[in-house]
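Fold and contact review
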Amino acid sequence: MKKILVTGGAGFLGSHLCEKLLAAGGDVLCVDNYFTGSKQNIAHLAANPYFELMRHDITFPLYVEVDQIYNLACPASPVHYQFDPVQTTKTSVHGAINMLGLAKRVKARILQASTSEVYGDPEVHPQPEDYLGRVNPIGPRSCYDEGKRCAETLFFDYHRQHKLEIKVARIFNTYGPRMHPNDGRVVSNFIMQALKNDDITLYGDGLQTRSFCYVDDLVAALVKLMDSAAAFTGPVNLGNPAEVSMRALAEKILALTGSKSKLAFKLLPQDDPKQRQPDITLARKELGWQPHTALDDGLKETIRYFRTLLN
Ligand code: NAD
Ligand code: UDP
């Protein structure tokens, strides 16, 4: 049985990943400091003898014996990662050093949950992996963007210097059940606002775009990437290329929830990327992967989940 460490396993993506790895016969160690994750996200896994939970902050060293490491620990929503920006950088950078050191000692393969934010506010559209990005190093998003960029550097240096088997996934906006209802991300905000008939907060003119991937599709890609040929390191874009403006997203959520909410235009946050769409040619070729869930179907599942939180 493969012993698999998932850092950030009590978070949104991590909890779905733990579920999938257990279902595939893995022996899963979930490590989390519960900064944004919760025990509720993984409570349904607790009875499984092959699931183990450890409270630990990855900015401190960790000594365990495992075969694979998925490094997901890091707050992902702008509200959460800007709450304590120094800790965000520490989690990405010191956390990566600790997890890479662990991987080196136990000769484990290690996957990094990187992000489309490494492209910043891009001038190239859609974004291929060889686009080097346009990131502000000193703005409010920099703790996350530059932290993740530095983590990628560390992964590739460990690979070149210590021959570590690495996998780098550049994840684009992903949504689904178990997103934090107050994380300030657009999908959770709009659905919670719509279900409560509160104003829908559209930042700027709402014409900025994102491309949303449903969580099941994304987690399937992470596992395929981890299990891909050793020579394939990435970075590889993982996301759904179907692009939508925030205004169109708001209108879709209003229609799907039957809400009476009105659109309320608010100031656009600093450095908010104007457009984002993954070029997934590489993932299609190397992993034989592409997302299958249409935005309407994924939103219906997500709305169903958020309704249960309000009941
Ligand atoms: P999340 O906030 O739900 O999960 C992150 C988890 O990491 C939480 O459980 C949190 O408690 C834990 N954590 C944070 N700092 C930690 C630390 N120092 N030590 C141990 N645990 C810590 O976010 P998510 O959406 O599930 O994102 C998971 C990963 O995927 C993150 O690394 C994020 O950057 C990356 N990612 C996510 C998206 C997305 O759209 N969801 C997009 C790009 C990248
Ligand atoms: N956004 C919005 N209203 C909200 C929350 C977010 O209009 O209540 C916009 C935000 O300005 C950005 C997009 O939605 O343009 C996606 O924001 P999110 O925080 O989900 O993720 P990002 O891709 O910016 O990290």
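Just above, that's the structure.
Residues numbered from 1 in each chain as written. Chains lettered and ligands numbered in written order. Predicted model: local features only at pLDDT ≥ 70, side-chain atom pairs only at ≥ 80, totals over all residues. Heavy atoms only, no water.

**Section: the nonpolar core**
Counting residues in each nonpolar core, the largest one holds 59 residues, and the members touching the most others are Tyr70, Leu238 and Leu249. Ranked by residue count, the leading element in this core is helix α6 (residues 215-226), at eight residues. When sequence neighbours within four positions are dropped, the list of residues in contact with Tyr70 reads Ile4, Leu5, Val6, Thr7, Leu17, Leu21, Leu111, Leu222, Val223 and Met226. Of all hydrophobic cores here, the second largest spans 26 residues; its members include Val66, Ala96, Ala108 and Tyr158. (Core = buried A, V, L, I, M, F, W, Y, C linked by side-chain atoms within 4.5 Å. Buried < 20%, exposed > 50% of the residue type's maximum accessible area, 1.4 Å probe, protein only. Helix = DSSP H or I, 4+ residues; strand = E, 2+ residues; numbered from the N terminus. Contact = heavy atoms within 4.5 Å.)

**A few points about helix α1 (residues 12-23)**
Between the first and last C-alpha of α1 there are 17 Å, a value that for 12 residues agrees with the 16 Å anticipated at 1.5 Å per step. Burial within α1 is extensive, with nine of its 12 residues counted as buried. Inspection of α1 places Phe12, Leu13, Gly14, Ser15, His16, Leu17, Cys18, Leu21 and Leu22 among the buried residues, and these make up the whole buried set. Gly25 lies just past α1 and shows a positive phi near 95°. (Expected span 1.5 Å × (residues − 1).)

**Considering the site of ligand 2**
Surveying the vicinity of ligand 2 reveals 18 residues, the closest of which are Asn189, Thr201, Arg210, Asp272 and Arg276. In the environment of ligand 2, an oxygen atom lies 3.4 Å from a nitrogen or oxygen atom belonging to the side chain of Glu117. Here an oxygen atom of ligand 2 and a backbone polar atom of Val186 are 2.8 Å apart. Within the complex, 96% of the 520 Å² of free accessible area of ligand 2 lies under protein. For the shell around ligand 2, the elements supplying multiple residues, two or more each, are α5 (186-195) and β8 (200-203). The residue makeup of the shell around ligand 2, split by class, is seven nonpolar, five polar and six charged. (Near = heavy atom within 4 Å. Polar contact = N/O pair within 3.5 Å; in protein donor to acceptor, adjacent residues only side chain to side chain. Areas by Shrake-Rupley, 256 points an atom, 1.4 Å probe, with all protein chains shown as cover. Nonpolar A, V, L, I, M, F, W, Y, C, P; charged D, E, K, R; others polar.)

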